[in-house]
Amino acid sequence: MGLEDRAAAPMRTESFRASRPEIVGPEVPQKPFPIHLSGAVQRGFGRGGKDLGCPTANLPDESITPMSSVTETGVYYGYAQVSREKDGKVILPEEDGRVLPMVMSLGWNPFYKNERMTAEIHIMHDFKADFYGHEMKAVVLGYIRPELDYTSREGLIEDIETDKRVALKSLARPGYERYQSDSFFDLNT
């Protein structure tokens, strides 16, 4: 699907921002969630950390099919884990290998006019080093909002910060917290 084949993302409005809930989703994940994703972290466009103050880990295109085939574009929440090992050697410190809360953008990033769909995961943790090439696993548990377009970078940043708060509050319920110990993750790190 190319740029000309997809509908334009709705524009973010002040009324949308004012009406955003603090917690989203039911008390426990419901179909199609949970969705399990995994793949080696690859370099993206380099805008998340530099331009938006929100570094992201990008999954390979082929690893997002389990999600893109059953959901719509937008912002999601769940848990993610980066492998401490790369090429058989432990590289990352123990705290960087924990299962951590995340938000994920699945879509075309209309503000930047992307020409392909991407899955960009922001893990809510201050990593000590980059982890390109490390395996990452994510369990997506719910939907926050649709993909939107923006008239300003500041508006996008404001919504990203709100998305992170909504994700943390939504994950702080027993039906979601239990996924931090999902057998999909490597819990022996």
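Keep in mind that this is a model prediction, so the values were computed, not measured.

### Overview of the nonpolar core
Move 1: By size, the foremost hydrophobic cluster in this structure holds 24 residues, and its most contacted members are Met104, Ile121, Ile123 and Val140.
Move 2: Secondary-structure elements contributing two or more residues to this core are strand S1 (35-40), strand S3 (74-82), strand S6 (100-107), strand S7 (118-123) and strand S8 (135-146).
Move 3: Ile123 has contacts with Ala80, Val82, Leu100, Pro101, Met102 and Met136, leaving out every residue within four places of it along the chain.
Move 4: In terms of nonpolar packing, the next biggest core, distinct from the first, is built from 16 residues, Val99, Ile144, Leu171 and Tyr176 among them.

### Points about the side chain of Thr71
Move 1: Structurally, Thr71 is set in the loop between helix H3 (65-68) and S3.
Move 2: A polar contact of 2.8 Å, which involves the side chain of Thr71, links it to the backbone oxygen of Met67.
Move 3: Residue contacts for Thr71: discarding those within four places in its chain leaves Pro32, Ile35, Tyr76 and Leu106.

### Comments concerning the sheet that holds S7
Move 1: Ordered in space as S1-S8-S3-S6-S7-S2, the 6 strands form an open sheet in which the pairing is antiparallel. Lying at the two open borders of the sheet, with one neighbouring strand each, are S1 and strand S2 (57-58).

### Here's the deal with the packing of aromatic side chains
Move 1: In the structure shown here, the tally under the stated rule is 5 aromatic pairs.
Move 2: Where Phe33 meets Tyr76, the ring centres are 6.1 Å apart and the plane angle is 55 degrees; that geometry is what we call tilted. On the criterion of sequence distance, the pair formed by Phe33 in the loop between helix H1 (14-18) and S1 and Tyr76 in strand S3 is long-range, its members being 43 residues apart. Residue Phe33 shares its accessibility class with Tyr76, and that shared class is buried.
Move 3: Aromatic side chains Tyr77 and Tyr176 sit 5.8 Å apart centroid to centroid with 40 degrees between the ring planes, which places their arrangement in the tilted category. With Tyr77 in strand S3 and Tyr176 in helix H5 (residues 174-177), this residue pair connects regions lying 99 residues apart in the sequence.
Move 4: Residue classification places Tyr176 among the buried residues on the basis of a relative accessible area of 0%.
Move 5: Members of the aromatic cluster, joined through ring pairs, are Phe33, Tyr76 and Tyr143.
Move 6: Across from the ring centre of Tyr132, 3.8 Å away, lies the NZ or CZ of Arg43, which sits over that ring.

### Regarding the pattern of salt bridges
Move 1: By the definition in use, this model includes 6 salt bridges.
Move 2: A salt bridge links Glu22 to Lys169; the shortest N-O distance between them is 2.8 Å. On the criterion of sequence distance, the pair formed by Glu22 in the loop between H1 and S1 and Lys169 in helix H4 (residues 153-171) is long-range, its members being 147 residues apart.
Move 3: Given a relative accessible area of 51%, Glu22 falls into the exposed group.
Move 4: Each of the salt bridges in this network shares a partner with another, and the network as a whole consists of Arg20, Arg145, Asp159 and Asp163.

### Points about the confidence of the model for the protein chain
Move 1: Taken as a whole, the protein chain shows an average pLDDT of 85; of its residues, 81% reach a score of 70 or greater.
Move 2: The lowest-confidence element of the protein chain is helix H2 (residues 48-52), averaging 57 in pLDDT; the highest-confidence one is H5, averaging 98.

### Thoughts on unusual backbone geometry
Move 1: Cis geometry marks the peptide bond from Lys31 to Pro32, where omega comes out at 10 degrees.
Move 2: You can see Pro32 is positioned in the loop between H1 and S1.
Move 3: If you check the backbone angles, Asp87 has positive phi at about 55 degrees while not being a glycine.
Move 4: For Asp87, the location among the structural elements is in the loop between strand S4 (85-86) and strand S5 (89-90).

Conventions we followed
- All residue numbers refer to position in the chain's written sequence, counted from 1.
- Restriction of local features to residues with pLDDT of at least 70 applies here, the model being predicted, together with a cutoff of 80 or more for giving and counting side-chain atom pairs; totals for whole chains, interfaces and linings are based on all residues.
- Hydrogens and waters are ignored; side-chain quantities use all the structure's heavy atoms.
- We call a set of buried residues a nonpolar core when its members are Ala, Val, Leu, Ile, Met, Phe, Trp, Tyr or Cys and they connect through side-chain atoms within 4.5 Å of each other.
- We call a residue buried when its accessible area falls under 20% of the maximum for its residue type, exposed when it is over 50%, and partly exposed in between, using a 1.4 Å probe and counting protein chains only.
- By the criteria applied, helices consist of DSSP H or I runs no shorter than four residues and strands consist of E runs no shorter than two, each listed in order from the N terminus.
- By the convention used here, residues are in contact when the closest approach between their heavy atoms is within 4.5 Å.
- Polar contact criterion, stated in full: a pair of N or O atoms within 3.5 Å, where within protein one must be able to donate a hydrogen and the other to accept it, and residues adjacent in sequence count only if both atoms are side-chain atoms.
- When DSSP locates at least two bridges between a pair of strands, those strands are taken to pair.
- What counts as a ring pair is set by centres within 6.5 Å for rings of Phe, Tyr and Trp (its six-membered ring), and what kind of pair is set by the plane angle: stacked under 30 degrees, edge-to-face over 60, tilted for all other angles.
- The criterion for a charge sitting over a ring is simple: Lys NZ or Arg CZ within 6 Å of the ring centre, and within 35 degrees of the ring normal.
- For salt bridges, the criterion is a side-chain nitrogen of Lys or Arg within 4 Å of an Asp or Glu carboxyl oxygen.
- You can read pLDDT as the predictor saying how much it trusts each residue, on a scale of 0 to 100.

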